[in-house]
Amino acid sequence: MICDKPLCLTVEEAKELKALAEKGGLILCLTHNYSGYAMVRHAARMVRNGDLGEIKVVQAEHASGWAAKLLEKQGHTQAAWRMDPGLLGDASVLYDLGTHAHQLTRFITGLEVSEVAAELSQIVAGRAIKDNANLLLRFSNGARGSLWASMAAVGNEHGLRIRVYGDRGSLAWHQEDPHHLQYSPIDGPPQILAQGAAWLSPDADKWTRAGLGTSGRIFEAFANLYTEVADALLAKAEGRPFAKAELGFPDATDGLQGVAFVEAAMRSYAAEGAHGPRSNRKLREILDYAQGSSYRNRFHRFCSREERCPPPCHANWWRYAMSMSNRPGKLAAATNSKAVERRRRDL
C-alpha cells in the first residue's frame, strides 16, 4: 500500500492502521518523497558514519510562498480544502508542510524529537486558519533545533531545506538544488558534494539515474521510493526474505510519528508554547501519549511511565484542553473519517 502523508489525523488511527498492516503482512510506504533524493540518502549516511560528530543543532524548514495570497477566495481548489477550518483547522500547515520537514530531520539525523514548543500565526489577513508555524525542538540525544513551516512566506518558492550541525562538521541541503550537498568539516574548507560523483556513498550511487550535472529532481525521488516498494513486493511474491534497508522508504512507523509530532505541536500551541516531551523511540511511548498527557505548570508530557502521569493527570489535561475552546487559536478537532475508513478497507 502506498499512501500520501499524513497517514491519518490522530495517533489512535495511526496505531490502528499500522497494526492492520502488520497483521496482514502488508508493505506500507508513506510518500515522504524527499527522503528518496540521492543526496539526502548521502547526508543520512554521513551522519551515521560520524562525519559530523555528535549532532548538536538541527534547523529545518518547509516555508513555501505558494499561498501568500488569499487563493482560497479565488477558486483555487488546492487552497480551498487546505484552508478549510472544518478539515484540518490550524493544524493544516503542520500536516501539509511541517510533517515533511519533521520526517526529513528524522531521516537524516537518525534522531527523534523528544520535546516540541510551538507557536502558530497568521500571515495572510482574512484567512480562516493559521498559515505559519514556528517550532522549537529538543532531540533524543539532547540536541536543539527549530522547524519553520509556512504556506505564505512571501518570495519563497518550494522552501524545503535543512541544516545539521555536529561538533565535527555540518551539512546543508536545499530541495530547490537537490543534487548538491554542502559539507563543512571543522578542520577543512567547505565542500559542495555533487550527485553523480564517483566518491559518494553507495546509498547515493544506487539512486542516481542521471550523470554528473543532471538531476531528475522530484520525479526521480518519487521513482526511488516506488522502486524500493517494488523490490519489497517482488521479494514477498517470490517467497524471498525482505528487510527494509536502514535508509529505506518511509513506512507506517514514520506516519505514526509524524501524526504524534503534529498533535504534540498543537497541544503546545494550545498551552501558549509550552514545551512537551514526546519520546517516540518506542512505540509504547507514542501509544501512552495517545491516551492523554499530563499538564503541570504549563509543561505537558508524553508519558511512558504510569507513575509520571497517573490517570487523574490525563483527565486534567482534557479538562484544560476543553477550557481552551473559548480562546482564540483553539486546538482544532481534526478528523477525516471517510479517508481513514477507505484506508482501513484497503488494509
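Residues numbered from 1 in each chain as written. Predicted model: local features only at pLDDT ≥ 70, side-chain atom pairs only at ≥ 80, totals over all residues. Heavy atoms only, no water.

Mapped onto the secondary structure, Gly65 falls in the loop between strand 3 (55-63) and helix 3 (77-82). Counting along the chain gives 92 residues from Gly65 to Glu157, while the straight-line C-alpha distance between them is 5.5 Å. (Helix = DSSP H or I, 4+ residues; strand = E, 2+ residues; numbered from the N terminus.)

Within the element layout of this structure, Glu12 appears in helix 1 (residues 11-23). Note: C-alpha distance between Glu12 and Leu256 (244 residues apart in sequence) is 8.9 Å.

This paragraph deals with the pairing of strand 9 (residues 180-185). Side-chain positions along a regular strand alternate between the two faces of the sheet. Strand direction decides the pairing type here: strand 8 (residues 169-174) and strand 9, joined by four bridges, are antiparallel. In the sheet register, Gly169 faces strand 9, and the bridge partner there is Pro185. Counting the residues that bridge the hairpin from strand 8 to strand 9 gives five residues. Sheet analysis places strand 9 next to strand 10 (residues 191-194), joined by four bridges and oriented antiparallel. Bridge assignment links Gln182 to a residue of strand 10, and that residue is Ile192. A loop of five residues connects strand 9 with strand 10, the two strands running antiparallel in sequence. (Pairing = 2+ DSSP bridges.)

Attention now moves to helix 7 (residues 252-270). Taking 1.5 Å of rise per residue, 19 residues should cover 27 Å, and helix 7 covers 27 Å from first to last C-alpha, within 8% of that figure. With respect to burial, helix 7 is a largely interior element, 18 of its 19 residues being buried. (Expected span 1.5 Å × (residues − 1). Buried < 20%, exposed > 50% of the residue type's maximum accessible area, 1.4 Å probe, protein only.)

Simply put, disulfide is the name for a covalent bond between the sulfur atoms of two cysteines. By the definition in use, this model includes zero disulfides. Cys8 supplies the cysteine sulfur nearest to Cys3, a cysteine that is in no disulfide, at a spacing of 8.3 Å. For Cys3, a relative accessible area of 3% gives the class buried. The thiol of Cys29 is not disulfide-bonded; the next cysteine sulfur, from Cys3, is found 9.2 Å away. The exposure class of Cys29 is buried, given its relative accessible area of 0%. (Disulfide = S-S within 2.5 Å.)

Per-residue pLDDT for the protein chain has a mean of 80; in total, 76% of the residues score no lower than 70. Taken as a whole, residues 277-337 scores under 50 in pLDDT and shows 119 contacts with residues more than four places along the chain or in a different chain. (pLDDT = per-residue confidence, 0-100. Contact = heavy atoms within 4.5 Å.)

What follows deals with the nonpolar core. Ranked by internal contacts, the top residues of the largest apolar core, which has 72 residues, are Leu94, Leu135 and Trp173. Leu94 has contacts with Thr99, Leu120, Ala133, Leu135, Ala149, Val262, Ala265 and Met266, leaving out every residue within four places of it along the chain. With six residues, the next largest nonpolar core counts Leu225, Val229, Ala232 and Phe249 among its residues. (Core = buried A, V, L, I, M, F, W, Y, C linked by side-chain atoms within 4.5 Å.)

This part covers helix 4 (residues 92-109). Every α-helical turn comprises 3.6 residues, leaving residues that sit three or four positions apart pointing alike. Across its 18 residues, helix 4 extends 25 Å between first and last C-alpha, which sits within 8% of the 26 Å expected from 1.5 Å per residue. At Gly98, helix 4 is bent by approximately 45°, the largest bend along its length. For helix 4, a buried count of 18 out of 18 residues is recorded, marking the element as mostly surrounded by other parts of the structure. In the segment just after helix 4, Gly110 is the residue with positive phi, at about 75°. (Bend = angle between axes of the 7 residues up to and from the residue.)

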